[in-house]
Amino acid sequence: MGSIGTGYDLSASIYSPDGRVFQVEYAQKAIDNSGTSVGIKTKDGVVLAVEKRILSKLLRPGANTRIMAVDRHIGAVSSGLIADSRHLALRGRDEARNYRSIYKMPIPLKYLADRLGMYAQMFTLYSSVRPFGCAMLLGAWDPHDGPSLHLVEPSGLRYGYAGVAAGKQRQLAQTELEKLPLDTMSLGDGVKEAAKILEKCHEDAKENEYEIEIWWVGKDTGGIAMPVPAEKVQEAEAWAKQQLQDEMED
């Protein structure tokens, strides 16, 4: 058997001869085939945004949310399999609740990301389970440490970022994020830039209907993760489309 997946991809507990775990790579493929999600850490908060493809005209607008509150001060958005991401978010809520009951304080995001990373990594060790088919972006605000943004991958790896993306157009979104002055950007500007990035990522598939979901957490929200008001999302989308149109004309 060659190391092309045949035979070595039957279980997450099997290594190929060149040291690959194919089921983890397949989980990443599930993420790469889903809608794009973006996380932006600004000077006074974190913006989480996701592109939701509308698969049926019968779906109610705003239904099937892809962004969730893990704790009052932590929001989570994911790309990949929705059911897997909801399970991981529920696990995050359990971890946050346990930490609060023991230490009588909200869980710092870096500890929550570590715990979720260890939980995800457990699903790469046994043949009776499969890796999570989602990547989760976590954003939080702390009055002492300020904003923080982390990404948890199916392999269990956890990284802290100033800006990060996942999903089908991850590379394009990452390139756009690298152009932004993240350290000096306000929370409101982060909402606009997140909408612009998702609009640009969707330019190649304009025939497919979609909607943008955006949450924020920061000083202006009282440290609570919550959805951006609908009128602000609409303003951000209009601004983003105008900016992209101006760039095309130039």
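Refer to the structure above for everything that follows.
Okay, so let's go over this structure.

Rules used throughout
- Residues numbered from 1 in each chain as written.
- Predicted model: local features only at pLDDT ≥ 70, side-chain atom pairs only at ≥ 80, totals over all residues.
- Heavy atoms only, no water.
- Helix = DSSP H or I, 4+ residues; strand = E, 2+ residues; numbered from the N terminus.
- Rg over C-alpha atoms; globule rule 2.2 N^0.38 Å.
- Buried < 20%, exposed > 50% of the residue type's maximum accessible area, 1.4 Å probe, protein only.
- Axes fitted to C-alpha atoms, helices over the stretch in contact; angles between N-to-C directions.
- Parallel < 35°, antiparallel > 145°, perpendicular 65-115°, else oblique.
- Left-handed = near helix turned anticlockwise from the far one by under 90°.
- Contact = heavy atoms within 4.5 Å.
- Nonpolar A, V, L, I, M, F, W, Y, C, P; charged D, E, K, R; others polar.
- Phe/Tyr/Trp six-rings, centres within 6.5 Å; stacked < 30°, edge-to-face > 60°.
- Expected span 1.5 Å × (residues − 1).
- Arc of directions from axis to C-beta.
- Pairing = 2+ DSSP bridges.

Thoughts on the overall build of the chain
Helix and strand counts for the chain come out as six helices and ten strands. The globule rule puts the C-alpha radius of gyration for 250 residues at 18 Å, and the 18 Å found for the chain is close to it. Projected onto its principal axes, the C-alpha positions of the chain cover 55 × 50 × 35 Å. Within the chain, the fraction of its 250 residues that count as buried is 48%.

Observations regarding the packing of helix α2 (residues 82–103) against helix α3 (residues 109–122)
Contact pair α2 / α3: the axes reach a minimum separation of 10 Å and the direction vectors enclose 130°. As far as their axial angle goes, α3 and α2 are oblique. The crossing of α2 and α3 is right-handed. Between α2 and α3, the residues in contact are H87, L88, R91, G92, E95 and Y99 and Y111, L112, R115, L116 and Y119, respectively.

Some words on the packing of helix α4 (residues 170–178) against helix α5 (residues 187–201)
With their axes 10 Å apart at the nearest point, α4 and α5 run at an angle of 145° to one another. Classified by chirality, the crossing of α5 by α4 is right-handed. Between α4 and α5, the contacting residues are L172, A173, E176 and L177 on the first element and I197, K200 and C201 on the second. Of the residues that constitute the contact of α4 with α5, the class distribution is five nonpolar, no polar and two charged.

Describing the packing of aromatic side chains
In this description, an aromatic ring pair is defined by two values, namely the gap between the centres and the angle between the planes. This structure, assessed with the given rule, holds seven aromatic pairs. Taken together, a centroid distance of 4.7 Å and an interplanar angle of 55° make the contact between F123 and F132 tilted. Across the pair, exposure class does not vary: F123 and F132 are buried alike. With centroids separated by 6.2 Å and ring planes inclined at 70°, the aromatic side chains of Y159 and Y161 adopt a geometry described as edge-to-face. A network of ring pairs unites the aromatic residues Y99, Y103 and Y111 as a single cluster.

Some details on α3
Since one α-helical turn is 3.6 residues long, residues separated by three or four positions face the same way. Taking 1.5 Å as the rise per residue, α3 with 14 residues should run 20 Å; its terminal C-alpha atoms sit 20 Å apart, in good agreement. Regarding α3, the residues found buried are L109, L112, A113, L116, G117, Y119 and A120. Angularly, the buried residues of α3 cover 165° about the axis, an arc narrow enough to put them on a single face. Of the surrounding secondary structure, the elements contacted by the buried residues of α3 are β3 (67–71), β4 (74–80), α2, β5 (134–142), β6 (146–152) and β7 (158–160).

Regarding the pairing of strand β1 (residues 37–42)
Every regular strand shows the same layout, with side chains that alternate between the two sheet faces. Most of β1 is tucked away, with five of its six residues classed as buried. As defined by bridge partners, β1 adjoins strand β2 (residues 45–53) across six bridges and the pair is classed as antiparallel. Across the sheet, I40 pairs through a bridge with V47, a residue of β2. In this antiparallel pair of consecutive strands, β1 and β2, the connection spans two residues.

Some points on the sheet that holds β6
Here five strands make up an open sheet; going across it, the order is β3-β4-β5-β6-β7 and the pairing antiparallel. Each edge of the open sheet is held by one strand with a lone partner, namely β3 and β7. Averaged over neighbouring strand pairs, the angle between their axes works out to 25° when direction is ignored. With four bridges joining them, β3 and β4 adopt antiparallel strand pairing. Across the sheet, A69 pairs through a bridge with G75, a residue of β4.

Section: the sheet that holds strand β9 (residues 210–218)
Strands sit in the order β8-β1-β2-β9-β10 across an open sheet of five strands; the sheet is antiparallel. Lying at the two open borders of the sheet, with one neighbouring strand each, are β8 (163–166) and β10 (226–227).

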